[in-house]
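Inside the fold
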Amino acid sequence: MLTKLHHGDYAEQINTKFRVVEAAESLEIELTEISELKRLGRQEIFSLIFTGGKENFLPQKLYQLEHKTLGRDVLFLVPVGEEGDRIIYESVFNRLKESE
């Protein structure tokens, strides 16, 4: 399943938690940042930054995430750094815009 959510959907959810559905233990990451939406012709580009605890490191792969407002979706998460006791993950969107 490819995400049907848009930049604006995520922008409204900054500083909220997403549950990693397939984790054995209850595991949450927080959406902490969203990049500016860039449009190049029919292409749209943006990225999401999440943070999670070091005790539950998530390797790079597709994850099913659940959010109380947005529901379930599948995102490709990549660990991109550390900040204190937190791991930083990024999910990049680079896709064709839907027909208007």
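On a predicted model such as this, the values are computed, not experimentally measured, just so you know. (Residues numbered from 1 in each chain as written. Predicted model: local features only at pLDDT ≥ 70, side-chain atom pairs only at ≥ 80, totals over all residues. Heavy atoms only, no water.)

Overview of empty space enclosed by the protein
Under the convention used in this document: Cavity means a closed set of points on a 1 Å grid over the protein atoms alone, one where a 1.4 Å probe fits but cannot get out, pocket means an open set with protein on both sides within 12 Å along at least 5 of 7 lines, and lining means a residue has an atom within 4 Å of a point. Grid points are joined across faces, edges and corners, and a volume is the space filled by probe spheres set on the points. The secondary structure listing takes helices from DSSP runs of H or I that are at least 4 residues long and strands from runs of E that are at least 2 residues long, numbered from the N terminus. Each residue is assigned to one of three groups, with Ala, Val, Leu, Ile, Met, Phe, Trp, Tyr, Cys and Pro labelled nonpolar, Asp, Glu, Lys and Arg labelled charged, and all others, Gly among them, labelled polar.
A full pass over the atoms with the stated rule returns one cavity of 30 Å³ or more. The calculated volume of the largest cavity comes to roughly 40 Å³. Mapped by element, the contributors of at least two residues to the lining of the largest cavity are β5 (61-67) and β6 (71-83). With four residues, β6 is the single largest residue contributor to the lining of the largest cavity. Broken down by class, the residue content of the lining of the largest cavity amounts to six nonpolar, two polar and two charged.

As for the confidence of the model for the protein
Threshold: Confidence per residue, as judged by the predictor, is encoded in pLDDT with a range of 0 to 100.
Of all residues in the protein, 93% have pLDDT values of 70 or greater, and the mean over the chain is 90. The element-level mean pLDDT for the protein is lowest in strand β3 (residues 38-40), coming to 92, with strand β2 (residues 28-34) highest at 97.

So, the side chain of Glu-30
Keep this limit in mind: Think of it in three bands: with a 1.4 Å probe and only protein chains considered, a residue is buried below 20% of the maximum accessible area for its type, exposed above 50%, and partly exposed in between. Counting of polar contacts relies on pairs of N or O atoms within 3.5 Å, with two restrictions inside protein: one atom must be capable of donating a hydrogen and the other of accepting it, and residues adjacent in sequence are counted only when both atoms are side-chain atoms. Any two residues having at least one pair of non-hydrogen atoms within 4.5 Å are treated as being in contact.
As for its placement among the helices and strands, Glu-30 is situated in strand β2. Using a relative accessible area of 18% as the deciding quantity, one classes Glu-30 as buried. Among the polar contacts listed, one links the side chain of Glu-30 to the side chain of Lys-17, at a separation of 3.4 Å. In this structure Glu-30 touches Asn-15, Thr-16, Lys-17, Ile-49, Phe-50 and Thr-51, once residues within four positions along its chain are discounted.

Re the pairing of strand β4 (residues 43-53)
Remark: a regular strand shows side chains that alternate across the two faces of the sheet. How we decide: When DSSP locates at least two bridges between a pair of strands, those strands are taken to pair.
With nine of eleven residues buried, β4 lies mostly within the body of the structure. In this structure, β2 lies alongside β4, joined through four bridges in antiparallel fashion. Looking at β4, one finds that Glu-33 is bridged to Ile-49. Here β3 pairs with β4 via three bridges, running antiparallel. When the sheet's bridge partners are listed, Arg-39 is paired in β4 with Glu-44. Turn length for the β3-β4 hairpin, with the two strands adjacent in sequence and antiparallel, is two residues, and the turn residue Gly-41 shows positive phi of about 65 degrees. Two elements, β4 and strand β7 (residues 86-96), share eleven bridges in a ladder whose sense is antiparallel. Across the sheet, Phe-46 pairs through a bridge with Phe-93, a residue of β7.

Some remarks on the packing of aromatic side chains
Here is the rule we go by: Side-chain rings of Phe, Tyr and Trp, where Trp is taken by its six-membered ring, are said to pair if the distance between their centres is within 6.5 Å; with planes under 30 degrees apart they count as stacked, over 60 as edge-to-face, and otherwise as tilted.
Scanning the model with the defined rule gives three aromatic pairs in all. Between Tyr-10 and Phe-93, the ring centres sit 5.7 Å apart and the planes meet at 50 degrees, which makes this aromatic pair tilted. Separated by 83 residues along the polypeptide, Tyr-10 in helix α1 (residues 7-11) and Phe-93 in strand β7 bring together distant segments of the chain. Taking 5.4 Å as the distance between ring centres and 90 degrees as the angle between the ring planes, the aromatic pair formed by Phe-18 and Phe-50 counts as edge-to-face. Of this pair, Phe-18 sits in strand β1 (residues 16-20) while Phe-50 sits in strand β4; the two residues are 32 residues apart in sequence, bridging distant segments of the chain. Owing to a relative accessible area of 0%, Phe-50 belongs among the buried residues under this scheme. Aromatic rings pair up to connect Tyr-10, Phe-46 and Phe-93 into one cluster.

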